[in-house]
Each structure stands twice: as structure tokens, then as C-alpha cells.
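Secondary and tertiary structure notes
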Amino acid sequence: MVTWSRVKSPWLIHMNTGSCNGCDIEILTALAPKLDAERYGVKLVGSPRHADIMICTGPVTDKMKIAVVKTYEQIPNPKFVVVVGSCGSSGGIYKNSYITLDGVDNVIPVDLYIPGCPPKPEAVFFGIAMLLEKLSSGKLPDLKGEIL
Ligand code: SF4
């Protein structure tokens, strides 16, 4: 029952950790009516306390570091972190910048990387579907560091 409900209602909290907004637009496109992720119960929520999955975009800037950690800590367990885009995965074009800490995994643990600059909405959709497929096996996925 717990697994069923977890797979049927994976709620997302979206965090722009320093993105240029390109990846954010692709996430919104994945959730919009054309692909309609909500038919699988996937929806955006405004509070980390209601979320199962934290979906991050962009490199972590100095300014966002504390907000990223605090948001992550407020999500109840079990929780998953999905990074969308090259910047969030490795720093991308902002790598070694004086103002960023490069990838999100330098600040919080990441379960799944969806590379691209930006990745297509279908790739975002596929990443979430892959996470749900692993969850539906009844075991919590060990995706640490998996790259699509
Ligand atoms: S991966 Fe590309 S689109 Fe996404 S935040 Fe970085 S520069 Fe922008």
C-alpha cells in the first residue's frame, strides 16, 4: 500500500539553484498539458514538507547554498533528488566560476542526473518515469549518481 501510494503520487518541489531558466522552462513543459505528467500523479507542490522529489536546476550559487540545504532537510524521508541539466550535474558552463559551487552533489546527495543544456522535456519525463519504475519494484531505488 505504501509503495503503491508512493508511486501514484510523486510530488515534486522545484528548486532553481542558480539556473539561467532554460532548464526550468523544460521542466514546466514536461508538466504542461502536452506531456501531462499529472496523469501519473506527478505534480508540483509549493512546500518541501509535501514533496517526495526535489528537482534541481543550475549550478549551486553561493547565495543559494543555505536555501538548498534547508529545503532538502525539510523534505520527509524517503526523498529523492533529481538534477536537470549540465550545470546542476557538473557546473556546466559555470564550472570553476568564482560565484558557484559547481554541481548540486557538492551540497546535497543526488539520486539521478538528467544531462543536457537544457534537456528536452521528454528526457525530464523519462527520468521521473525511471525513478517511479524503480520505486514500483517495492524497494527504494539505489540510484546514487545514475546518469540517463
Ligand atoms: S544546463 Fe543550459 S539551460 Fe540549464 S541552467 Fe545550465 S546553461 Fe541554462
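As the structure is a computational prediction, the values presented were derived from the model and not from experiment.

For the rest of this paragraph, the subject is the pairing of strand 3 (residues 53-57). With five of five residues buried, strand 3 is to be regarded as a mostly interior element. Side-chain alternation along strand 3 places Ile-53, Ile-55 and Thr-57 on one buried face and Met-54 and Cys-56 on a second face that is also buried. When strand 1 (residues 11-16) meets strand 3, the two strands line up parallel, connected through five bridges. Following the sheet pairing, Leu-12 is matched in strand 3 by Ile-53. Pairing between strand 3 and strand 4 (residues 80-84): five bridges, direction parallel. Looking at strand 4, one finds that Thr-57 is bridged to Val-84. With helix 3 (residues 65-74) bridging strand 3 and its parallel neighbour strand 4, the resulting β-α-β unit is right-handed.

Let us now look at the site of the ligand. Taken together, Ser-19, Cys-20, Gly-22, Cys-23, Ser-86, Cys-87, Ile-93, Gly-116, Cys-117 and Pro-118 form the complete shell of residues around the ligand. Elements supplying a minimum of two residues to the shell around the ligand: helix 2 (22-31) and helix 4 (86-90). Broken down by class, the residue content of the shell around the ligand amounts to six nonpolar, four polar and no charged.

Attention shifts here to helix 2. Along helix 2, the residues that are buried comprise Cys-23, Asp-24, Glu-26, Ile-27, Ala-30 and Leu-31. For helix 2, the angular spread of the buried residues around the axis is 160°, confining them to a single face. Where the residues of helix 2 are buried, they touch strand 1, strand 2 (43-44), strand 3, strand 4 and helix 5 (121-136).

What follows is about the pairing of strand 4. For strand 4, a buried count of five out of five residues is recorded, marking the element as mostly surrounded by other parts of the structure. Summarising the sheet, strand 4 and strand 5 (residues 112-114) pair through three bridges and their orientation is parallel. Residue pairing in the sheet places Val-83 in a bridge with Tyr-113 of strand 5.

Reading the values: the criteria
- Residues numbered from 1 in each chain as written.
- Predicted model: local features only at pLDDT ≥ 70, side-chain atom pairs only at ≥ 80, totals over all residues.
- Heavy atoms only, no water.
- Buried < 20%, exposed > 50% of the residue type's maximum accessible area, 1.4 Å probe, protein only.
- Helix = DSSP H or I, 4+ residues; strand = E, 2+ residues; numbered from the N terminus.
- Pairing = 2+ DSSP bridges.
- Right-handed = clockwise from strand over helix to strand, strands pointing away.
- Near = heavy atom within 4 Å.
- Nonpolar A, V, L, I, M, F, W, Y, C, P; charged D, E, K, R; others polar.
- Arc of directions from axis to C-beta.
- Contact = heavy atoms within 4.5 Å.

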